[in-house]
Amino acid sequence: MVTGPRVVLLAGGVGGSTFAVGLRDEVAARGGTLTVICNTGDDLWLTGIRLQPDVDSMLYALAGVKDSVKGWGRAGESLRVAGELRAWGAGWDWFELGDLDLGAHVARTGWLRDGLSPTDVLARLQQRWDLGATLLPMTNTEVDTQVVLADGHMHFQEWWTRHRAAIEPLGFENPGIDAAVPAPGVVEAIAEADVVILAPSNPIVSLAPILAVPGVRAALAETAARVVGVSPIIGGAAVRGMAEVCLRVVGVPCSAAGVAAFYGARHRSGVLDAWLLAEEDAGEVESIDREGVQPIMRPLWMRTPDLTRTLARDALDAAL
Ligand code: GDP
Ligand code: CA
């Protein structure tokens, strides 16, 4: 019997899944349930195989099989198949595709070709481990993230991984998102939640695609749960990686307050009730408050499992 809070997390890959592990443990300690709505905007077809980078980061992290040094992919990975693909001239030779990881991709692709929906496929994949959470794709409609460049479009993965976000983009698009439908369970989970948390994920390419799925914003507007976000920006910088570029391109200041304003206050047709910001960003409390979002200052570094768990506890306490 569930006695604790029903918690829903909206998340991308590395940042989102790191947070999800702490949240899973904290929710379990309170006798609650966790549903994770995963970004599928990073998904792609490569040599006929379906890849879901953010979904897999979440799966591996919660299963405890993630490569904790790299922060993504499987621990103990090898690259034999990737070497063969390179020799065949197939796929992307700059894209690291591990053998264990490929196992998941091949299984997924097979089930998709058998006619299963992405939701059903993810349900099967997560049966292998006791994740302590239910993972849902944001949508079963194929919508990827395209980077708009001066001379055309590029899949987000290519821009991010191959070019290290070094080609100046004009914007980001999710072609077809307006016709996308939330995956089964997504709207229901938000409606029935006691708490909804926006993970410290990339606002532009991890969480914005989820929020752009028609019906998700309305569900967030209507839920009786409080919606709490965790800032991915600490001390005016994206912790690691290249998220700054994404923010700059869409005109969002790279600051805790900038991202809070990007999400907006729920009572002003945004999505947030409260926003966890780092102590380093104390100067932005007032501006977040003016935005209509409750600012809550907490340590936001997820440097150790203990710190991550404490952050998850703070986020839950902010919501309950
Ligand atoms: P991706 O899909 O693999 O890019 O991962 P996400 O979108 O889920 O998360 C990436 C973001 O996580 C980065 O842009 C960082 O801002 C954020 N992040 C990474 N580590 C930390 C941390 O320790 N604390 C906080 N607050 N944010 C972090
Ligand atoms: Ca991602």
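Residues numbered from 1 in each chain as written. Chains lettered and ligands numbered in written order. Predicted model: local features only at pLDDT ≥ 70, side-chain atom pairs only at ≥ 80, totals over all residues. Heavy atoms only, no water.

Enquirer: What is the right way to look at the overall build of the protein in this model?
Expert: Assigned secondary structure in the protein consists of 13 helices and 14 strands. Over its C-alpha atoms the protein spans a radius of gyration of 19 Å, differing by no more than 12% from the 20 Å that the globule rule assigns to 320 residues. The 320 residues of the protein split such that 54% are buried. Sequence separation of 24 or more characterises 69% of the internal contacts of the protein that already satisfy a separation of 6 or more. Within the structure as shown, the protein displays about 13,500 Å² of accessible surface, and the carbon and sulfur contribution to it stands at 52%. On the protein, the mean spot of the 26 positive side-chain charges and the mean spot of the 39 negative ones are 4 Å from each other. (Helix = DSSP H or I, 4+ residues; strand = E, 2+ residues; numbered from the N terminus. Rg over C-alpha atoms; globule rule 2.2 N^0.38 Å. Buried < 20%, exposed > 50% of the residue type's maximum accessible area, 1.4 Å probe, protein only. Contact = heavy atoms within 4.5 Å. Areas by Shrake-Rupley, 256 points an atom, 1.4 Å probe, with all protein chains shown as cover. Lys, Arg positive; Asp, Glu negative; His and termini not counted. Charge placed at Lys NZ, Arg CZ, Asp CG, Glu CD.)

Enquirer: What exactly am I supposed to notice about the pattern of salt bridges here?
Expert: Oppositely charged side chains may form a pair once their charged atoms are brought near each other. Counted according to the given criterion, the structure contains 13 salt bridges. Its salt-bridge partner being Asp273, residue Arg266 comes within 3.0 Å of it at the nearest N-O pair. By the burial criterion, Arg266 is buried, and Asp273 matches it. Several salt bridges converge on common partners, so that one network encompasses Glu26, Arg30, Arg309, Arg313 and Asp317. (Salt bridge = Lys/Arg side-chain N within 4 Å of Asp/Glu carboxyl O.)

Enquirer: Can you walk me through empty space enclosed by the protein in this structure?
Expert: It is the rolling of a water-molecule-sized probe over the atoms that shows where space remains empty. Tallying each qualifying case throughout the model produces one cavity of 30 Å³ or more. Approximately 70 Å³ is the volume attributed to the largest cavity. Lining the largest cavity, in full, are Leu46, Ala82, Leu85, Arg86, Ala90, Gly91, Trp92, Asp93, Phe95 and Leu97. Top contributing element to the lining of the largest cavity by residue count: helix α3 (residues 80-88), with three residues. Tallied by class, residues from the lining of the largest cavity come to seven nonpolar, one polar and two charged. (1 Å grid on protein atoms, 1.4 Å probe; cavity = no way out; pocket = protein on both sides within 12 Å on 5 of 7 lines; lining within 4 Å. Points joined across faces, edges and corners; volume = space filled by probe spheres on them. Nonpolar A, V, L, I, M, F, W, Y, C, P; charged D, E, K, R; others polar.)

Enquirer: Help me out: how do you make sense of the sheet that holds strand β10 (residues 226-230) in this one?
Expert: Strand pairing within a sheet occurs via backbone hydrogen bonds; the two strands may be parallel or antiparallel. What the seven strands build is an open sheet, ordered β5-β2-β1-β9-β10-β13-β14; its pairing is parallel. For this open sheet the edge positions go to β5 (134-137) and β14 (294-297), each flanked by a neighbour on one side alone. The mean angle between the axes of side-by-side strands here comes to 25°, regardless of whether they run parallel or antiparallel. Pairing of β10 with strand β13 (residues 274-277), which is carried by three bridges, proceeds in the parallel orientation. Bridged to Gly229 within β13 is Trp275. With respect to the sheet, helix α13 (residues 305-319) is in contact with β1 (6-11), β9 (195-198), β10, β13 and β14, its orientation differing from that of β10 by roughly 150°. (Pairing = 2+ DSSP bridges. Axes fitted to C-alpha atoms, helices over the stretch in contact; angles between N-to-C directions.)

Enquirer: What is the right way to read the sheet that holds strand β8 (residues 171-173) from this model?
Expert: One open sheet accounts for three strands, arranged β7-β6-β8; its pairing is antiparallel. Since the sheet does not close on itself, it has two edges, and those belong to β7 (152-155) and β8, each with one partner. Strand after strand, the sheet turns through a mean of 35° between neighbouring axes, direction not considered. Relative to β7, strand β6 (residues 146-149) runs antiparallel, the two sharing four bridges. Each residue of the ladder has a partner; that of Val148, found in β7, is His153.

Enquirer: Can you walk me through the nonpolar core in this structure?
Expert: Here is a general trend for soluble globular proteins: nonpolar side chains tend to be buried in one another's company. Among the nonpolar cores identified, the biggest contains 53 residues, and Leu10, Trp159, Ile190, Val196, Leu220, Tyr263 and Trp275 are the most heavily contacted of them. Dropping the residues within four chain positions of it, Leu10 is found in contact with Ile37, Val196, Ile197, Leu198, Ala199, Leu207, Ile210, Leu211 and Leu220. Formed by 43 residues, the second largest nonpolar core is a distinct cluster that contains Cys38, Leu59, Val121 and Val230. (Core = buried A, V, L, I, M, F, W, Y, C linked by side-chain atoms within 4.5 Å.)

Enquirer: Help me out: how do you make sense of the coordination of the calcium ion (ligand 2) in this one?
Expert: Each donor-metal-donor angle in an ideal tetrahedron of four donors is 109.5 degrees, and each such angle in an ideal octahedron of six donors is either 90 or 180 degrees. Donor atoms from the polypeptide that coordinate the calcium ion (ligand 2) comprise Asp42 (OD), Asp54 (OD) and Asp54 (OD), at 2.1 to 2.6 Å from the metal. You can see Asp42 sitting in the loop between β2 (33-38) and β3 (44-46) and its partner Asp54 sitting in helix α2 (residues 53-63), a full twelve residues away along the chain. (Donors = N, O, S within 2.8 Å, 3.2 Å for Na, K, Ca; no water.)

Enquirer: I keep staring at the packing of aromatic side chains and nothing clicks. Help me out?
Expert: Pairs of aromatic rings are described using the distance from one ring centre to the other and the angle between the two planes. Under the definition given, this model contains nine aromatic pairs. An angle of 40° between the planes, with centres 6.1 Å apart, marks the rings of Trp159 and Trp160 as tilted. An aromatic cluster is defined as three or more aromatic residues linked by ring pairs; in this entry it consists of Phe156, Trp159, Trp160 and Phe172. One residue, Lys70, lies across the ring of Trp72, its end atom 4.0 Å from the ring centre. Over the ring of Trp301 we find Arg303; its NZ or CZ atom is 4.1 Å from the centre of that ring. (Phe/Tyr/Trp six-rings, centres within 6.5 Å; stacked < 30°, edge-to-face > 60°. Lys NZ or Arg CZ within 6 Å of the ring centre and 35° of its normal.)

Enquirer: Explanation requested: the packing of helix α8 (residues 203-212) against helix α11 (residues 256-263) in the structure shown.
Expert: Working note: a packed helix pair is described by the angle between its axes plus the distance between those axes. Between α8 and α11, the shortest axis-to-axis distance is 12 Å and the interhelical angle comes to 20°. As summarised for this structure, α8 and α11 are arranged roughly parallel, according to the angle between their axes. Seen along the crossing, α8 lies across α11 with a hand that is right-handed. Each of Pro203, Ile204, Leu207, Ala208 and Leu211 in α8 lies in contact with α11, whose residues at this interface are Val259, Phe262 and Tyr263. Each residue belonging to the contact of α8 with α11 can be placed in one class, and the counts come to eight nonpolar, no polar and no charged. (Parallel < 35°, antiparallel > 145°, perpendicular 65-115°, else oblique. Left-handed = near helix turned anticlockwise from the far one by under 90°.)

Enquirer: I'm lost on the site of ligand 1 in this one. Help?
Expert: Taken together, 20 residues surround ligand 1, and among them Ser201, Asn202, Ser206, Pro232 and Leu300 come closest. Between ligand 1 and the protein, one listed contact pairs an oxygen atom with a side-chain N or O atom of Asp54 at 3.1 Å. With respect to ligand 1, the side chain of Ser206 contributes an N or O atom lying 2.6 Å from an oxygen atom. Isolated, ligand 1 exposes 600 Å² of accessible area, and the fraction of that covered by the protein chains is 91%. (Near = heavy atom within 4 Å. Polar contact = N/O pair within 3.5 Å; in protein donor to acceptor, adjacent residues only side chain to side chain.)

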